Amino acid sequence: MSFIQPAQIAFDNPHLVETRAELVAALRAFLPADSVLERQEEVRPYECDGLSAYRQLPLLVLLPRTVEEVQRILRLCHERQVPVVARGAGTGLSGGALPLGDGVLLSLARFNRILELDPVGRTARVQPGVRNLAITEAAAVHGLYYAPDPSSQIACTIGGNVAENSGGVHCLKYGLTVHNVLSVTFVTMEGERIELGSTALDSPGYDLLALYIGSEGMLGVTVEVTVKLLPVPERAQALLAAFDEVEKAGQAVGDIIAAGIIPAGLEMMDGPAIQAAESFVHAGYPTDAAAILICELDGTNREVSEQVMEVRNLLFESGATEVRTSQDDAERMRFWQGRKSAFPAVGRISPDYYCMDGTIPRRALPEVLRRTAELSKEYGLRVANVFHAGDGNMHPLILFDANQPGELERTEELGGRILELCVEVGGTITGEHGVGIEKINQMCVQFTPEELRQFRAVKEAFDPAGLLNPGKGVPTPRRCSEYRQLPDRKQVQTQ
């Protein structure tokens, strides 16, 4: 049922041992010794990404320092038909950077420089290994910042953000990665260097930049990214509202947007997530609330003052039992600290948790919360809910214990049911975490066979040999056929 393969496969298989030895010899001809990791203890740290239930030791791990080295690596692997999986910081949550036992894991960790920061043009040209937060830190002296801010922004890298089209708590107003990237330079599996997009208002030809962003490392290996920077708003203020029913909080989200207000961020947490976050970071959350909303408004002083009063009234009209308004930046950041710490906080109250990532229409939020609670009861597994509520991106955290026989499998099945519920109400199976291996069965539910055929055609156009991150993102026809025939569409063994 699980994608997990024997972790030592590449080290026990005589054929793969021989393949590794030949590949290492060819690689060491142009790479420094510390750029090629081959011993089991060296490659062990790369056996998984943030979806740690799925693990696999790679054949090799390579850490190039230059674009030319990346090109030579890919050309060599293409000639020898060796699969390649590119990796950033490994914070992804869908198994997108899971290695292959017969393939190379290509780490871009050493591509960690900000190459140029232009405060006049409001752009930053960076290498893919630059941390998301590092861009804002570098731009702050110029009164600028980089808008997409995933919860993992202190660690996640721009290359990974491009691969997964990451968002964050401020994506409602300022968009996802695709809305904040001007150009990407990548290397194809054949070693060709290509640039998509430009710093101009428009670029000639098809909009391949939008196609590339979110392609999960299946079309090329990113080696440079130019992002746009925004001026820090004159004022930002947050409201924290408590509700005695989750459905009321969900309704309040729709009421705020319907009033024509687009907050910088609009986030929701349910009771279990509130309690876990509060005991972890002591943000001052009301632990007796069934749900809280955090609504941040930014802009000019006058604009924010008017909107704060309007949103405050809307929250009470929607059934809020309490509404707090941040009095200064320190309090505003405390409101957000609990939300951004929700994932590690939940990890303190359960041996394991499985983070899902579906997106639904805002109008369906109350219904999906209710039906998720019903599924939680049906499977006997607790679910803590965290939402980018403004844009309908939900992150149910399924709490389980992998040491209990069958519990991981039951968790995966519950996760699949929640994602298919998202599709049923008019949503999609992912908002920002990507498909990877985690949601590949649900791709068969979201899309028709003809649509999936077109996805495979796009992959083939960029990577005819199918060597870049194979087995991720787009399911095979055989896999979908088997999955659709299963009773209740339960998980199937990876082909």
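Residues numbered from 1 in each chain as written. Predicted model: local features only at pLDDT ≥ 70, side-chain atom pairs only at ≥ 80, totals over all residues. Heavy atoms only, no water.

Trainee: Would you take a moment to explain the sheet that holds strand β3 (residues 84-87) for this structure?
Mentor: Either a parallel or an antiparallel arrangement is found when strands of a sheet pair, and the pairing is made through backbone hydrogen bonds. Spatially, the 4 strands line up as an open sheet ordered β1-β2-β4-β3, and their pairing is mixed. Each end of this open sheet is capped by a strand with a single partner; those strands are β1 (36-37) and β3. Two strands pair when backbone bridges link them, and β1 and strand β2 (residues 60-62) are joined in this way by 2 bridges, in the antiparallel orientation. In the strand pairing of β2, Leu-37 is matched with Val-61. Along the sheet face, helix α2 (residues 14-28) touches β1, β2 and β4 (104-107) and points at about 15° away from the line of β2. Running over the sheet, helix α4 (residues 67-80) touches β2, β3 and β4 and is turned about 165° from β4. (Pairing = 2+ DSSP bridges. Helix = DSSP H or I, 4+ residues; strand = E, 2+ residues; numbered from the N terminus. Contact = heavy atoms within 4.5 Å. Axes fitted to C-alpha atoms, helices over the stretch in contact; angles between N-to-C directions.)

Trainee: Sorry, what's going on with the nonpolar core here?
Mentor: Most often, soluble globular proteins have nonpolar side chains that are buried together. The biggest cluster of nonpolar side chains holds 59 residues, and the ones touching the most others in it are Phe-243, Met-268, Leu-293, Val-311, Leu-315, Ile-398 and Leu-414. For Leu-414, the residues in contact, after removing those within four places along its chain, are Leu-375, Ser-376, Tyr-379, Leu-381, Val-383 and Ile-398. In terms of nonpolar packing, the next biggest core, distinct from the first, is built from 29 residues, Ile-73, Val-104, Met-189 and Leu-467 among them. (Core = buried A, V, L, I, M, F, W, Y, C linked by side-chain atoms within 4.5 Å. Buried < 20%, exposed > 50% of the residue type's maximum accessible area, 1.4 Å probe, protein only.)

Trainee: How should I be thinking about the sheet that holds strand β10 (residues 221-228) in this particular structure?
Mentor: The 5 strands are arranged β5-β6-β10-β8-β9 in an open sheet whose pairing can be described as antiparallel. Each edge of the sheet is formed by a strand with only one pairing partner; in this case those strands are β5 (114-118) and β9 (193-197). Between one strand axis and the next, the sheet turns by 10° as a mean value, whatever way the strands run. Sheet topology places strand β8 (residues 181-187) next to β10; 6 bridges connect them, and they run antiparallel.

Trainee: How do you make sense of the pattern of salt bridges when you look at a structure like this?
Mentor: For side chains bearing opposite charge, pairing can occur when the charged atoms are close. In total, this model carries 27 salt bridges according to the counting rule given. The partner of Arg-131 in a salt bridge is Glu-137, with the nearest N and O atoms 3.6 Å apart. A salt bridge links Glu-367 to Arg-371; the nearest nitrogen and oxygen atoms lie 3.0 Å apart. One end of the pair is Glu-367 and the other is Arg-371, both in helix α14 (residues 365-379) and 4 residues apart, which spans about a single turn. Given a relative accessible area of 31%, Glu-367 falls into the partly exposed group. Of the residues examined, Arg-371 reaches a relative accessible area of 22% and is grouped as partly exposed. Shared partners join several salt bridges into a network, and the residues in it are Asp-34, Arg-65 and Arg-110. (Salt bridge = Lys/Arg side-chain N within 4 Å of Asp/Glu carboxyl O.)

Trainee: What is the right way to read the pairing of strand β14 (residues 291-299) from this model?
Mentor: Side chains on a regular strand alternate between the two faces of the sheet. Across the 9 residues that make up β14, a large majority, 9, are buried. Neither face of β14 is left uncovered, since the one carrying Ala-291, Leu-293, Cys-295, Leu-297 and Gly-299 and the one carrying Ile-292, Ile-294, Glu-296 and Asp-298 both have all their residues buried. With 9 bridges joining them, strand β12 (residues 235-243) and β14 adopt antiparallel strand pairing. Note that in β14 the partner of Ala-242 across the bridge is Ile-292. Note that strand β13 (residues 265-270) and β14 share 6 bridges and pair antiparallel. What sits directly across from Leu-266, in β14, is Cys-295.

Trainee: I keep staring at the packing of α14 against helix α15 (residues 407-424) and nothing clicks. Help me out?
Mentor: For any two helices packed against each other, the geometry comes down to the angle between their axes and how far apart the axes lie. The interhelical angle for the contact between α14 and α15, taken along N-to-C directions, is 160°, at an axis separation of 11 Å. Put simply, α14 runs roughly antiparallel to α15. As for the relative orientation of α14 and α15, their crossing is right-handed in sense. Within the contact between the two elements, α14 uses Val-368, Arg-371, Thr-372, Leu-375, Ser-376, Glu-378 and Tyr-379 and α15 uses Arg-410, Glu-413, Leu-414, Arg-417, Ile-418, Leu-421 and Glu-424. By residue class, the composition of the contact of α14 with α15 is 6 nonpolar, 2 polar and 6 charged. (Parallel < 35°, antiparallel > 145°, perpendicular 65-115°, else oblique. Left-handed = near helix turned anticlockwise from the far one by under 90°. Nonpolar A, V, L, I, M, F, W, Y, C, P; charged D, E, K, R; others polar.)

Trainee: What is the right way to read the environment of Gly-271 from this model?
Mentor: Tracing the sequence through the fold places Gly-271 in helix α10 (residues 271-281). Distance from Gly-271 to Val-246, taken between C-alpha atoms, is 8.4 Å for residues 25 residues apart in sequence. Apart from residues no more than four positions distant in its own chain, Gly-271 is found in contact with Ala-289 and Ala-290.

Trainee: Looking at this structure, how should I read the environment of Gln-485?
Mentor: Here Gln-485 is to be found in helix α18 (residues 477-485). Among the polar contacts listed, one links the side chain of Gln-485 to the side chain of Ser-481, at a separation of 3.3 Å. (Polar contact = N/O pair within 3.5 Å; in protein donor to acceptor, adjacent residues only side chain to side chain.)

Trainee: Can you walk me through α10 in this structure?
Mentor: One turn of the α-helix equals 3.6 residues, which is why residues spaced by three or four share an orientation. Of the positions making up α10, those classed as buried are Gly-271, Ala-273, Ile-274, Ala-276, Ala-277, Glu-278 and Val-281. Of the surrounding elements, those touching the buried residues of α10 are β13, β14, α12 (329-340), α13 (342-346) and β18 (383-388). Following α10 by one or two positions, His-282 adopts a phi angle in the positive range, close to 55°.

Trainee: Would you explain a nonpolar patch on the surface in this entry?
Mentor: Together, Tyr-206, Leu-208 and Leu-211 make up a nonpolar patch on the protein surface, roughly 340 Å² of accessible area in all. Here Leu-211 lies in helix α8 (residues 208-212). (Patch = residues over 30% accessible without salt bridge, like charges linked within 9 Å, V, L, I, M, F, W, Y side chains within 5 Å. Areas by Shrake-Rupley, 256 points an atom, 1.4 Å probe, with all protein chains shown as cover.)

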